[in-house]
Amino acid sequence: MNVIAAVDKNWAIGKENKLLVSIPADMKFFREMTTGKAVVMGRKTLESFPNGLPLKNRTNIVLSANPAYQVKDAIVVHSKDELNEELRRYHSDDIYVIGGESVYRMMLEECDTAYITKIDYSYEADSYFPNLDEKDNWRLEAESEEQTYFDLEYCFLKYKRV
């Protein structure tokens, strides 16, 4: 299973249910990696998308504690057990955990690859991704050349669980 996120230098991922920044090359990378795959997210992440609609050309799996919560064109699950049951239907390499913070924390140790866009900037934030550099069971496997978007510097990182 994979996890994918864009983080700032403090591993922040968002503020008030919005991304910290939108970098076109990161959005393109996300689209290329997840199209045709299953994406796992929490309800608030889904609701942060344009018009709160599921992502096109993907199997959207949404975790919500609310048993009445339903979304057109998405599979809604209500517990980690129910989520794991649903995920058994997909090849592990075809699953991407896409947020938010609580879903990342819940699912991280079930993932074996992390695709991280690391932005060299500190944003004001209220949600964070676990810092993989501080985890003994994750190691940096690949790093792109530094990219720039206006005055922002960032790179694409690939971590593997060991």
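For the structure itself, look to the data block above.
Because the structure is a prediction, the values reported are computed rather than measured.

So, how was this worked out
Counting of residues starts from 1 at the beginning of each chain's written sequence and follows it residue by residue. Two thresholds apply to this predicted model, a pLDDT of at least 70 for residue-level local features and 80 or more for giving and counting side-chain atom pairs, whereas whole-chain, interface and lining totals are computed over all residues. The basis for every side-chain value is the complete set of non-hydrogen atoms in the structure, without hydrogens or water. Whenever a carboxyl oxygen of Asp or Glu lies within 4 Å of a side-chain nitrogen of Lys or Arg, that contact is scored as a salt bridge. Secondary structure counts use DSSP, requiring at least four H or I residues in a row for a helix and at least two E residues in a row for a strand, with both numbered from the N terminus. Accessibility here uses a 1.4 Å probe with only protein chains present; expressed as a share of the type maximum, an area under 20% marks a residue as buried, one over 50% as exposed, and anything in between as partly exposed. Taking the helix axis as origin, the arc is that swept by the directions to the C-beta atoms. Whether two residues touch is decided by their heavy atoms; if any such pair falls within 4.5 Å, the residues are in contact.

Q: Explain the pattern of salt bridges to me, please; I cannot follow it from the model alone.
A: Pairing between side chains of opposite charge can happen when the charged atoms of each approach one another. Following the criterion strictly, the structure yields 14 salt bridges and no others. Its salt-bridge partner being Arg-43, residue Glu-47 comes within 2.8 Å of it at the nearest N-O pair. Pair noted here: Glu-47 and Arg-43 are both in helix α2 (residues 43-48), with a separation of four residues, about one helical turn. Take Glu-47: its relative accessible area is 39%, and that puts it in the partly exposed class. Between Lys-72 and Asp-73 there is a salt bridge, with the nearest N and O atoms lying 3.3 Å from each other. Taking relative accessible area as the criterion, Lys-72 reaches 67% and is therefore assigned exposed. Classification of Asp-73 by relative accessible area gives exposed; the value is 59%. Three or more residues joined by partner-sharing salt bridges are found here, namely Lys-15, Glu-16 and Glu-124.

Q: Looking at this structure, how should I read helix α1 (residues 24-34)?
A: Along an α-helix, residues three or four apart share an orientation, since each turn contains 3.6 residues. Of all the residues in α1, the buried ones are Asp-26, Phe-30, Met-33 and Thr-34. One side of α1 carries all its buried residues, which in axial view fall inside an arc of 85 degrees. Where α1 is buried, its residues contact β1 (2-7), β4 (38-42), β7 (95-99), β8 (113-119) and β12 (152-161). A positive backbone phi angle near 80 degrees is found at Gly-36, which sits one or two residues after α1.

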